[in-house]
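For reference, the chains in residue letters:
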Amino acid sequence: MIDLRPLNADLVASGSNQPERVVALIMACLGEDLTDGSTIVRTISALGYNKRYVGIQLSANAGTNPDRCLWQRLNDGTYKLH
């Protein structure tokens with residue numbers, strides 16, 4: 001399992017807000033081939049983030065248009081970066 005604690009600590013120290021942190025953490029998961037939505041939510045919520053909020057960010061930033069969305073949800077339900 002990916003250890004997101006150092007990245008999260010860096011994001012907090014840099015003064016980023018919660019939405020920015022959660023998006024960066026999701027992108028880190030996807031960059032490490034952690035692509036299952038429930039696993040992503042569980043991994044990030046283990047850092048103290050609300051599961052529902054992480055899920056909302058995961059869904060809200062998913063789409064097929066790379067100009068508007070950060071990642072996409074594939075037909076099998078997994079996610080990947082554009």
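Chemist: Can you walk me through the packing of helix H3 (residues 37-45) against helix H4 (residues 51-60) in this structure?
Modeler: Helix packing geometry: the angle between the two helix axes and the distance between the axes. Close contact between H3 and H4 brings their axes to 9 Å; oriented N to C, the two are set at 130°. Considering their axes alone, H3 and H4 lie oblique with respect to each other. With respect to the hand of their crossing, H3 and H4 are arranged in right-handed fashion. Listed contacts from H4 to Gly-37, Ile-40, Val-41, Ile-44 and Ser-45 of H3 are Lys-51, Val-54, Gly-55 and Leu-58. The residue inventory of the contact of H3 with H4, partitioned by class, reads 5 nonpolar, 3 polar and 1 charged.

Chemist: I keep staring at helix H2 (residues 18-31) and nothing clicks. Help me out?
Modeler: Over its 14 residues, H2 runs 20 Å from end to end, which matches the ideal 20 Å to within 8%, given 1.5 Å per residue. Capping the start of H2 is the job of one residue whose side-chain oxygen sits 2.9 Å from the backbone nitrogen of Glu-20: Asn-17. Phi for Asp-33, located one or two positions after H2, is positive at around 60°.

Chemist: Would you take a moment to explain unusual backbone geometry for this structure?
Modeler: Negative phi characterises most residues that are not glycine, and trans characterises most peptide bonds. The phi angle at Asp-33 is positive, at roughly 60°, despite the residue not being glycine. The topology assignment puts Asp-33 in the loop between H2 and H3. Residue classification places Asp-33 among the exposed residues on the basis of a relative accessible area of 67%.

Chemist: Looking at this model, I keep getting lost on a nonpolar patch on the surface. Mind explaining?
Modeler: Taken together, Met-27, Leu-70 and Leu-81 make up a surface patch of nonpolar side chains, about 200 Å² in accessible area. With respect to the helices, strands and loops of the structure, Leu-70 is situated in the loop between H4 and strand E1 (71-73). By relative accessible area, which is 34% here, Leu-70 ends up partly exposed.

Chemist: Explain the pattern of salt bridges here, please?
Modeler: Side chains carrying opposite charge are able to pair once their charged atoms draw close together. Taken as a whole and assessed by the stated rule, the structure comprises 1 salt bridge. With a closest N to O distance of 2.9 Å, Asp-3 and Arg-5 form a salt bridge. Judged by relative accessible area, which is 42%, Asp-3 ranks as partly exposed.

Chemist: Please explain the environment of Leu-74 as it appears in this structure.
Modeler: Tracing the chain through its elements places Leu-74 in the loop between E1 and strand E2 (79-81). Sequence separation between Leu-74 and Thr-64 is 10 residues; the distance between their C-alpha atoms is 9.2 Å.

Chemist: Would you take a moment to explain the nonpolar core for this structure?
Modeler: A general feature of soluble globular proteins is that nonpolar side chains tend to end up buried together. Ranked by size, the top nonpolar core spans 17 residues in total, and within it Ile-26, Ile-40, Ile-44, Leu-58 and Trp-71 carry the most contacts. Among the elements of the structure, H2, H3 and H4 are those that each provide at least two residues to this core. At 6 residues, H2 tops the list of elements feeding residues into this core. Not counting chain neighbours up to four residues away, the residues in contact with Ile-26 comprise Ile-40, Ile-44, Val-54, Gln-57, Leu-58 and Trp-71.

Each value, and the rule that gives it
- Throughout, residues of each chain are indexed from 1 in the direction in which the sequence is written.
- With the structure being a predicted model, the display of local features is reserved for residues of pLDDT at least 70 and the display and counting of side-chain atom pairs for 80 or more, all residues being used for whole-chain, interface and lining totals.
- By convention in this description, side-chain values take in all heavy atoms of the structure and omit both hydrogens and water.
- Each axis is a line fitted through C-alpha atoms, taken for helices only over the stretch in contact, and angles between the N-to-C directions span 0 to 180 degrees.
- The helix and strand labels rest on DSSP assignments: H or I over at least four residues marks a helix, E over at least two residues marks a strand, and numbering proceeds from the N terminus.
- Every angle not falling under 35 degrees, over 145, or within 65 to 115 is termed oblique; those three ranges are roughly parallel, roughly antiparallel and roughly perpendicular.
- Should the near helix be turned anticlockwise from the far one by less than a right angle, the crossing is termed left-handed; should it be turned clockwise, right-handed.
- Throughout, a contact is declared for two residues whenever any of their heavy atoms are within 4.5 Å.
- Just so you know the grouping, Ala, Val, Leu, Ile, Met, Phe, Trp, Tyr, Cys and Pro go in nonpolar, Asp, Glu, Lys and Arg go in charged, and all remaining residues, Gly too, go in polar.
- How far a helix is expected to stretch is found by multiplying one less than its residue total by 1.5 Å.
- Nitrogen and oxygen atoms within 3.5 Å of one another constitute a polar contact, given that in protein one can donate a hydrogen and the other can accept it, and given that sequence-neighbouring residues count only through two side-chain atoms.
- The classification of residues rests on relative accessible area computed with a 1.4 Å probe and restricted to protein chains. Under 20% of the type maximum is buried, over 50% is exposed, and intermediate values are partly exposed.
- To count toward a patch, a residue needs a relative accessible area over 30% and no salt bridge; like charges are then connected within 9 Å, while nonpolar side chains (Val, Leu, Ile, Met, Phe, Trp, Tyr) are connected within 5 Å.
- Throughout, the Shrake-Rupley method with a 1.4 Å probe supplies accessible areas, and for residues the shown protein chains are the sole cover considered.
- Salt bridges are defined by distance alone: a side-chain nitrogen of Lys or Arg within 4 Å of a carboxyl oxygen of Asp or Glu.
- Nonpolar cores were defined as sets of buried Ala, Val, Leu, Ile, Met, Phe, Trp, Tyr and Cys residues, with membership established by side-chain atoms within 4.5 Å.

Any functional reading would require information beyond the geometric quantities listed.
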